[in-house]
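# Coordinate analysis (summary)
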Amino acid sequence: MRALIVGIGQCGTKIADLFALVDFEAIAVNTSKGDLEYLKHVPSERRVLIGEGLTNGKGVNANPILGREAMKRDLPVVMRKIGSIIGYEDVDVFFLTFGFGGGTGAGGTPVLAQALKEEYPEALVVAIGALPLREEGIRPTINAAITIDKLSRVADSIIAIDNNKLKEGNDDITRAYERINYTVVERIASLLALVDVPGEQTLDASDLKFVLKAFGSFATVGYAKAEAGKVKNLSRLIMRSFESEGLYLDANIESALYGLVAIHGPPEVLKASEIFEALDYLTGKIRGKQIFRGFYPDPREREVEVVTLLSGIYESSSIEEIIITAKQYARSFMEVKEEAETRKKELLSGLPDFDDVYPAGMEENYPGSIEGIIKRLRRREDE
Ligand SMILES: Nc1nc2c(ncn2[C@@H]2O[C@H](COP(=O)(O)OP(=O)(O)OP(=O)(O)O)[C@@H](O)[C@H]2O)c(=O)[nH]1
Ligand SMILES: [Mg+2]
C-alpha cells in the first residue's frame with residue numbers, strides 16, 4: 001500500500017517530519033519559512049513555502065482566511081510537487097496532517113483535500129488533525145469547529161487527535177506536543193506497516209481503504225501493548241485498545257461503523273480462541289458489525305501489540321465540546337456586536353453635520369479646501 005503524507009502548517013509538518021523519519025514519503029507545506037527550515041527529516045526539495053507574497057514567509061498568525069488564501073494561490077505549486085513525487089505509481093491514501101487550531105493548517109487543509117480528491121479520485125484523502133487544548137481559548141476552538149465542518153464534506157475520514165486527552169502530567173507544552181506527535185506517528189505507522197505484510201490472517205490495502213472510506217466522519221486509532229510474558233488473556237488486551245485510555249479521542253465506539261484490528265506478537269500468545277472472543281464481542285458492539293483483522297505471529301517478538309482503527313464515528317464528546325463552544329461563542333459574538341451597534345447608534349444619533357454648525361460659503365475662502373482649489377483652477381483657466 002502506498003501512503004503519501006502531506007503536513008500543513010507547523011503542527012502538521014512536525015508530524016510529517018516524524019513520518020519521514022520512519023521512512024514514509026512525506027511533504028511539508030507551510031506559510032512559515034522558519035518552521036520549514038526547522039524540520040529535520042523531510043528532504044528540503046519536499047518542503048513547499050506557500051503564500052510568500054501574502055505573509056513574507058512569516059506564517060499567518062492563526063488566521064485561517066490567510067491560510068486558505070495562501071493555499072489557493074500556491075495550489076499549482078503544491079499539486080505539482082505532489083505529482084512529481086507520485087510519478088507513475090498510484091497512491092492509495094493521502095494523509096493530511098495539521099493542527100485544527102492554527103491558521104495555515106486549518107485554512108489550507110480543506111483546500112488541498114478538495115484538490116486532491118479532484119485530481120486523484122481513486123485515492124482516499126484522510127485528514128489527521130490535532131484538536132486544540134482547552135487552555136488555548138476561543139480562537140483555536142472556532143478554527144477547529146469550522147475546519148471540521150469543511151473537512152467533513154471532502155475528506156473520507158477525519159482522524160482527530162484530542163491534544164487534551166494525550167497531554168499528561170506536568171510536561172511543558174513543547175515536550176507534550178513532541179510526545180503526542182510521536183505517539184500518533186508510532187500508532188499509524190505500525191498500522192500501515194502491517195498492511196500487505198505476510199501473516200496468519202492479513203490485512204491488505206483494500207481492507208484499510210474500506211474502513212477509512214467513511215463519508216467524512218471521524219476515525220480514531222487505539223493501541224495497547226504488553227510484555228508477552230505478562231499477557232494472561234489476550235482478549236483483555238484487545239479490549240483495552242478500544243477503551244478510553246487507548247484511543248486518541250473521547251468517542252462512543254458503539255457509534256463506529258467499521259473496525260480494523262492488527263495483533264502482533266509471539267505465536268504462543270496469539271491464541272485464536274482469545275482473539276475471537278474479543279473480536280466477536282466488539283463486532284457485535286459497533287454499528288456496522290464488521291471488523292477486519294490481521295494476526296502477525298513473530299517468534300522474535302517479546303511484546304504483544306494491538307493496533308485498532310475505528311471509523312464512521314459520529315458520537316464524540318471531544319468533538320461535541322468544540323462544536324458547542326464554537327457555536328456559543330459565535331452566538332455571543334453576534335449578540336455583543338449587535339449590542340455595540342445599537343449603543344453606537346443611540347449615542348451618536350442627533351449629532352449635527354458640519355454644515356449645520358459652520359456658516360455656508362466659508363469653504364471658498366479656505367485655501368486648502370477642495371472646493372477652494374477647484375474654484376481657483378477654474379478662475380485661472382478662464383483668464
Ligand atoms: N499534537 C500537536 N499539536 C500541535 C503541535 N503544534 C501545534 N499544535 C496545535 O495546533 C494548533 C496550532 O497550529 P499550528 O500548526 O501551530 O498553526 P499553523 O497551521 O502553522 O498556522 P499559523 O501558525 O497560524 O500560520 C494549536 O491548537 C496547537 O494546540 C504539535 O506539534 N503537536
Ligand atoms: Mg505556524
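Residues numbered from 1 in each chain as written. Chains lettered and ligands numbered in written order. Predicted model: local features only at pLDDT ≥ 70, side-chain atom pairs only at ≥ 80, totals over all residues. Heavy atoms only, no water.

## Describing the overall build of the chain
Helix and strand counts for the chain come out as 16 helices and ten strands. In terms of overall dimensions, the chain is more spread out than a globule: its C-alpha atoms have a radius of gyration of 28 Å, far above the 21 Å expected for 383 residues. In the chain, which comprises 383 residues, the proportion classed as buried is 49%. Counted over contacts in the chain with a minimum sequence separation of 6, partners at least 24 positions apart contribute 76%. On the chain, roughly 19700 Å² of surface is accessible, and the fraction owed to carbon and sulfur atoms is 51%. (Helix = DSSP H or I, 4+ residues; strand = E, 2+ residues; numbered from the N terminus. Rg over C-alpha atoms; globule rule 2.2 N^0.38 Å. Buried < 20%, exposed > 50% of the residue type's maximum accessible area, 1.4 Å probe, protein only. Contact = heavy atoms within 4.5 Å. Areas by Shrake-Rupley, 256 points an atom, 1.4 Å probe, with all protein chains shown as cover.)

## Details of the site of ligand 1
Not every one of the 22 residues close to ligand 1 is listed here, only the nearest: Ala62, Thr104, Glu136, Tyr177 and Asn181. Between Glu136 and ligand 1, the recorded distance is 2.5 Å, taken from a side-chain N or O atom to an oxygen atom. Between Asn181 and ligand 1, the recorded distance is 2.7 Å, taken from a side-chain N or O atom to a nitrogen atom. Surface burial for ligand 1 is 90%, taken as the share of its 650 Å² of free accessible area covered by protein chains. Mapped onto the shell around ligand 1, the elements with two or more residues apiece are helix H1 (9-21), helix H6 (104-119) and helix H9 (173-193). (Near = heavy atom within 4 Å. Polar contact = N/O pair within 3.5 Å; in protein donor to acceptor, adjacent residues only side chain to side chain.)

## What to know about the packing of aromatic side chains
The tally for this structure, following the rule as stated, stands at eight aromatic pairs. Consider the rings of Phe98 and Phe100, whose centres lie 4.7 Å apart with planes at 70°: the pair is edge-to-face. Per residue, the accessibility class of Phe98 equals that of Phe100, and both read buried. Between Phe276 and Phe295, the ring centres sit 6.0 Å apart and the planes meet at 85°, which makes this aromatic pair edge-to-face. Taken as a pair, Phe276 in helix H12 (residues 272-285) and Phe295 in strand S9 (residues 290-297) lie far apart in primary sequence, 19 residues in all. Connected via pairs of aromatic rings, a cluster forms that spans Phe210, Tyr258 and Phe292. In this structure, Lys40 is placed above the aromatic ring of Tyr38, and the distance from its NZ or CZ to the ring centre is 5.9 Å. (Phe/Tyr/Trp six-rings, centres within 6.5 Å; stacked < 30°, edge-to-face > 60°. Lys NZ or Arg CZ within 6 Å of the ring centre and 35° of its normal.)

## Quick notes on the nonpolar core
Among the nonpolar cores identified, the biggest contains 114 residues, and Ile82, Phe94, Leu112, Ile238 and Ile263 are the most heavily contacted of them. Residue contacts for Phe94: discarding those within four places in its chain leaves Leu4, Ile82, Ile86, Leu116, Tyr120, Ala123, Leu124, Val125 and Val126. (Core = buried A, V, L, I, M, F, W, Y, C linked by side-chain atoms within 4.5 Å.)

## Thoughts on the domain arrangement of the chain
We note that the domain assignment places domain 1 (1-193) and domain 2 (353-383) within the chain. For domain 1 versus domain 2, the separation of C-alpha centres amounts to 60 Å. (Domains from an automatic or database assignment.)

## Topic: the pairing of strand S2 (residues 25-30)
Most of S2 is tucked away: five of the six residues are buried. Remark: the strand S1 (residues 3-8)/H1/S2 crossover connection has right-handed handedness. In terms of strand pairing, S2 meets strand S3 (residues 47-49) through three bridges, oriented parallel. Pairing of Ala28 across the sheet is with Arg47, part of S3. Once you follow S2 into helix H2 (residues 33-38) and on to S3, the crossover reads as right-handed. (Right-handed = clockwise from strand over helix to strand, strands pointing away. Pairing = 2+ DSSP bridges.)

## Remarks on the pattern of salt bridges
Under the counting rule described, the total for this entry stands at twelve salt bridges. The shortest N-O distance in the salt bridge between Lys209 and Asp92 comes to 3.6 Å. Of this pair, Lys209 sits in helix H10 (residues 205-212) while Asp92 sits in the loop between helix H5 (75-86) and strand S4 (93-99); the two residues are 117 residues apart in sequence, bridging distant segments of the chain. The closest approach of N and O atoms between Lys225 and Glu303, which form a salt bridge, is 3.7 Å. Separated by 78 residues along the polypeptide, Lys225 in strand S7 (residues 217-227) and Glu303 in strand S10 (residues 303-313) bring together distant segments of the chain. Under the relative-accessibility criterion, Lys225 is labelled partly exposed at 36%. Accessibility expressed as a relative area gives 31% for Glu303, which makes it partly exposed. (Salt bridge = Lys/Arg side-chain N within 4 Å of Asp/Glu carboxyl O.)

## So, the sheet that holds S1
Across the sheet, which stays open at both edges, the ten strands sit in the order S3-S2-S1-S4-S5-S6-S7-S10-S8-S9 with mixed pairing between neighbours. Strands at the two margins of the open sheet, each flanked by one partner only, are S3 and S9. Across the sheet, the mean angle separating the axes of adjacent strands is 20° when strand polarity is ignored. As paired strands, S1 and S4 are joined by five bridges and run parallel to one another. Bridge assignment links Gly7 to a residue of S4, and that residue is Thr97. (Axes fitted to C-alpha atoms, helices over the stretch in contact; angles between N-to-C directions.)

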